[in-house]
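Secondary and tertiary structure notes
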Amino acid sequence: MIVPKPVRSETRPGTFVLTGRTALTADPALGEVAAWLRAELCPFTGGELLPSGPGPGTITIGLGDLPPEAYRLTVAEDGVAIVAGGPAGAFYGAQTLRQLLPPEAFRRAAAGGSCEVPAVHIEDEPRFGWRGCILDVARHFMTKHDLLRFIDLMAMHKLNVLHLHLTDDQGWRLEIRRYPRLTEVGSWRKESQTGWNGTMDGRPHGGFYTQDDIREIVAYAARRHIMIVPEIDLPGHTQAAIAAYPELGNLSTPLEVRTTWGIGVNVLNVEDSTITFFQNVFDEVLELFPSPYVCVGGDECPKDQWRTSPAAQRRMSELGLTHEDELQSWFIHQFDDYLTARGRRLVGWDEILEGGLAPGAVVASWRGDLGAVAAAKAGHDVITCPNTAVYFDYRQGPGEDEPVPFGTVLTLDDVYAFEPIPEELRGEEAAARVVGSQCGVWTELIDSNRRVDYMTFPRLSAFAETVWSSAGRDLADFRRRLAAHLPRLAAIGVEYRREDGPLPWQTRPGVPGRPEDPVEWQAQLDAWTSNLREPR
Ligand code: ACM
């Protein structure tokens, strides 16, 4: 009953009895994994799981000749053995062991102190190396505490990349020492749009992570074998930065941090000073985030202001460019060169393909599959994250009481059916360019951690299986395992979406109710949805 499903699992007769007096020993190279497992199990067992336990039975964690993320887990009457290719594999083996325990083992208090673990032999390793989630902490801030909890939930599902969307029109969430106004001004907006009918909530919203917070978050994630890929979105999605430093924009009138959703027209100007400003920002970002990958966004940049700006037009003629799209490509190249020179790899949304890229650049393909296919064929590594399949801001059912009235419905079963390799690449050599996938938690209308829980789970459980488990899906089998998995989420306190739809508090207040006439209702949904980031 493991989620995501292991490659091979064979039940055996007998049980192992886990108590607080069970011993836990590990190869010295795996000491961190042992410490993590001990910390997770002790609240449940009420005992300490010392390296040489006073009771019968031992959990041993050791190294073997396996790939780094692979593990073998054997539970027998006299002991539990995890053998892994490296610390990541050992960690995944330990996560699987937790799922063999009753759901109470996910609570923070002793529940009887002992349990029987069914004997089993599991051999497991991931299908893809990039098993990610984009978390948008810019549209709605997520507190550090909730972010650490989110990291734990990702780790429980054996995901290993957190793509952190730190900046956008509506908020700048990262302390930059050189430019304090980015957070002093850019981390707060005076109110937020609540639905698609123009209603505003009238309440300020904001928050940011200090550099010390970030160091803590990065280390916490690393201990759970999750790499954090920071995203500073450029040259669009930058109104919060322009509000803080107006010289970055194209207008002579000041701007506020944006309060509404949809694609914004206020984008960065193309002055050398603006490029330098953001390279200075990245100097601090690179210090904070050791990840080999850094995302510069590159999506949804309307060119209207560049078209009417004499300075942008002058820049185009200096560079010999004939179209504003080429200016966007030039802009992204400045950061591609900057990152490559510092040994990092640029990640960008599929819009960055327009105009050619450095060979090391990685494309996150979100507008269906087109970007993924083009990028893979051009020899770029690709992360697939099609909005139509793995965007968790889409509503989960057709009911009008779903909290976010998106026109597109993306059910749990839809997510489970997602195949990370686009159809057009299957059987092609270029398919090897798909390094994995990531699901998206975009938070325009997800205004609290409770709503993140509702929109993300259990769809993230289904997504995890698409990137971890072997190709091919068995929905009935997944649903059986999910039935055993949901009580684990409940024990942790995750307010996931129930099969029968939202609880009354989970519905979205402030969004007009459904008109009597279903045709009129659909038209209303379509109208609201078309207001959202085209061409979604
Ligand atoms: C995106 O959803 N604009 C990447």
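Residues numbered from 1 in each chain as written. Predicted model: local features only at pLDDT ≥ 70, side-chain atom pairs only at ≥ 80, totals over all residues. Heavy atoms only, no water.

A word on the sheet that holds strand E2 (residues 23-26)
This is how the line gets drawn: Here, strands pair whenever DSSP counts at least two bridges between them. Only DSSP runs of H or I with at least four residues qualify as helices, and only runs of E with at least two residues qualify as strands; both kinds are numbered from the N terminus onward. To obtain an axis, a line is fitted to C-alpha atoms, over the contacting stretch when the element is a helix, and the angle between two such axes runs from 0 to 180 degrees between their N-to-C directions. In what follows, residue pairs with any heavy atoms lying within 4.5 Å of each other are defined as contacts.
Judged by pairing direction, the sheet is mixed, and its six strands sit side by side in the order E1-E6-E4-E5-E3-E2 without closing on themselves. Edge positions in the open sheet fall to strand E1 (8-18) and E2, since each of these has one partner strand only. Across this sheet, the average inter-strand angle for adjacent strands is 20°, counted without regard to direction. Pairing geometry for strand E4 (residues 71-76) and strand E5 (residues 79-84), over six bridges, is antiparallel. Bridging from a neighbouring strand, Ala76 pairs with Gly79 of E5. Docked against the sheet, helix H2 (residues 87-100) engages strand E3 (58-63), E4, E5 and strand E6 (115-124), running at close to 35° with respect to E4.

Here we look at the side chain of Thr384
Let me state the cut-off plainly: Polar contacts here mean pairs of N or O atoms no more than 3.5 Å apart (in protein, one a potential hydrogen donor and the other a potential acceptor; neighbouring residues in sequence count only if both atoms are side-chain atoms).
Relative to the helices and strands, Thr384 is located in strand E17 (residues 381-384). A polar atom in the side chain of Thr384 sits 2.6 Å from the side chain of Ser437. Apart from the residues lying within four places of it in its own chain, the contact partners of Thr384 are Ser365, Ala372, Phe418, Pro420, Pro422, Val434, Gly436, Ser437 and Gln438.

Points about the pairing of E5
With six bridges connecting them, E3 and E5 associate as parallel partners. The partner of Gly62 across the bridge, within E5, is Val83. Hairpin geometry of E4 and E5 is characterised by an intervening segment of two residues between the two adjacent antiparallel strands.

Some words on the packing of aromatic side chains
Keep this limit in mind: Two rings belonging to Phe, Tyr or Trp (six-membered ring only in the last case) form a pair when the distance between their centres is within 6.5 Å. Interplanar angles under 30 degrees mark stacking, angles over 60 mark edge-to-face geometry, and anything in between is tilted. Between buried and exposed lies partly exposed: a residue is buried under 20% and exposed over 50% of the maximum accessible area for its type, with that area taken using a 1.4 Å probe on protein chains only.
On inspection of all chains with the given rule, the structure shows 19 aromatic pairs. Pairing Tyr179 with Tyr245 gives two aromatic rings, centres 5.6 Å apart and planes at 75°, and the pair type is edge-to-face. Here Tyr179 is found in the loop between strand E10 (171-172) and helix H4 (181-184), whereas its partner Tyr245 is found in the loop between helix H6 (239-244) and helix H7 (272-288), with 66 residues between them in sequence. By the burial criterion, Tyr179 is buried, and Tyr245 matches it. Pairing Tyr391 with Trp442 gives two aromatic rings, centres 5.8 Å apart and planes at 50°, and the pair type is tilted. Placement of Tyr391 in the loop between helix H12 (387-390) and helix H13 (412-416) and of Trp442 in the loop between strand E18 (434-441) and helix H14 (449-456) is noted, with a sequence separation of 51 residues between them. Judged by its relative accessible area of 1%, Tyr391 is buried. What makes Trp442 buried here is its relative accessible area of 3%.

As for helix H9 (residues 310-319)
We apply this condition: The directions from the helix axis to the C-beta atoms form the arc being described.
Every buried residue of H9 is listed here: Ala312, Arg315 and Met316. Along H9, the residues classed as buried sweep out an arc of 100° about the axis, all on the same side. In this structure, H9 carries Pro310, Arg314, Ser317 and Glu318 as exposed residues pointing more than 90 degrees from its buried face. Those residues of H9 that are buried are in contact with H7, helix H8 (304-308) and helix H10 (324-341). One or two positions beyond H9, positive phi appears at Gly320, with a value near 70°.

Considering the confidence of the model for the protein chain
For clarity, the cut-off: pLDDT is a residue-level measure of predictor confidence that goes from 0 to 100.
Looking at the protein chain as a whole, the pLDDT averages 92, with 94% of positions reaching at least 70. In this model, residues 531-536 is a region of pLDDT below 50 whose contacts with residues beyond four sequence positions or in other chains number 25 contacts.

Considerations on H7
This is how the line gets drawn: Here the expected length of a helix is defined as 1.5 Å per residue gap, with one fewer gap than residues.
Taking 1.5 Å per residue, 17 residues should reach 24 Å; H7 reaches 25 Å between its end C-alpha atoms and fits that length. Along H7, 12 of the 17 residues are buried, which leaves the element largely enclosed by surrounding structure.

Structural notes on the sheet that holds strand E16 (residues 362-365)
Taken in spatial order, the eight strands line up as E7-E8-E13-E14-E15-E16-E17-E18 and close into a barrel, and their pairing is parallel. Each adjacent strand pair in this sheet contributes to an overall mean axis angle of 25°, direction not counted. Its contacts with the sheet place H7 against strand E13 (227-234) and strand E14 (293-297), and it is angled at close to 170° to E13.

A short note on the packing of H9 against H10
Our working definition: Oblique is the label for any angle not under 35 degrees, not over 145, and not in the 65 to 115 range, which are roughly parallel, roughly antiparallel and roughly perpendicular in turn.
As a packed pair, H9 and H10 sit with axes 10 Å apart at the nearest point and diverge in direction by 80°. When the axes of H9 and H10 are compared, the pair comes out roughly perpendicular. Counting all contacts with H9, which are made through Ala312, Gln313, Arg315, Met316 and Leu319, the residues of H10 involved are Glu324, Leu327 and Trp330.

Structural notes on the packing of helix H3 (residues 144-156) against H14
What counts is decided by this rule: Helix crossings get a hand from a simple test, with the near helix turned counterclockwise from the far one by less than a right angle marking a left-handed crossing and a clockwise turn marking a right-handed one. Under the scheme applied here, ten amino acids are nonpolar (Ala, Val, Leu, Ile, Met, Phe, Trp, Tyr, Cys and Pro), four are charged (Asp, Glu, Lys and Arg), and all others, including Gly, are polar.
Two elements in contact, H3 and H14, have axes whose closest approach is 11 Å; the angle formed by their N-to-C orientations is 20°. Taken together, the axes of H3 and H14 lie roughly parallel to each other. Here H3 and H14 pass one another in a crossing that is right-handed. On the side of H3, the interface is formed by Asp146, Arg149 and Phe150, while H14 contributes Asn449, Val452, Asp453 and Thr456. Partitioned by chemical class, the residues of the contact of H3 with H14 number two nonpolar, two polar and three charged.

Looking at unusual backbone geometry
That bond from Val3 to Pro4 is cis: its omega, 0°, falls within 30 degrees of zero. Inspection of the secondary structure assignment puts Pro4 in the segment before E1. Backbone torsion omega between Phe457 and Pro458 reads 5°, so that peptide bond is classified as cis. Looking at the element boundaries, Pro458 is found in the loop between H14 and helix H15 (459-468). If you check the backbone angles, His237 has positive phi at about 55° while not being a glycine. When you line up the elements, His237 lands in the loop between E13 and H6.

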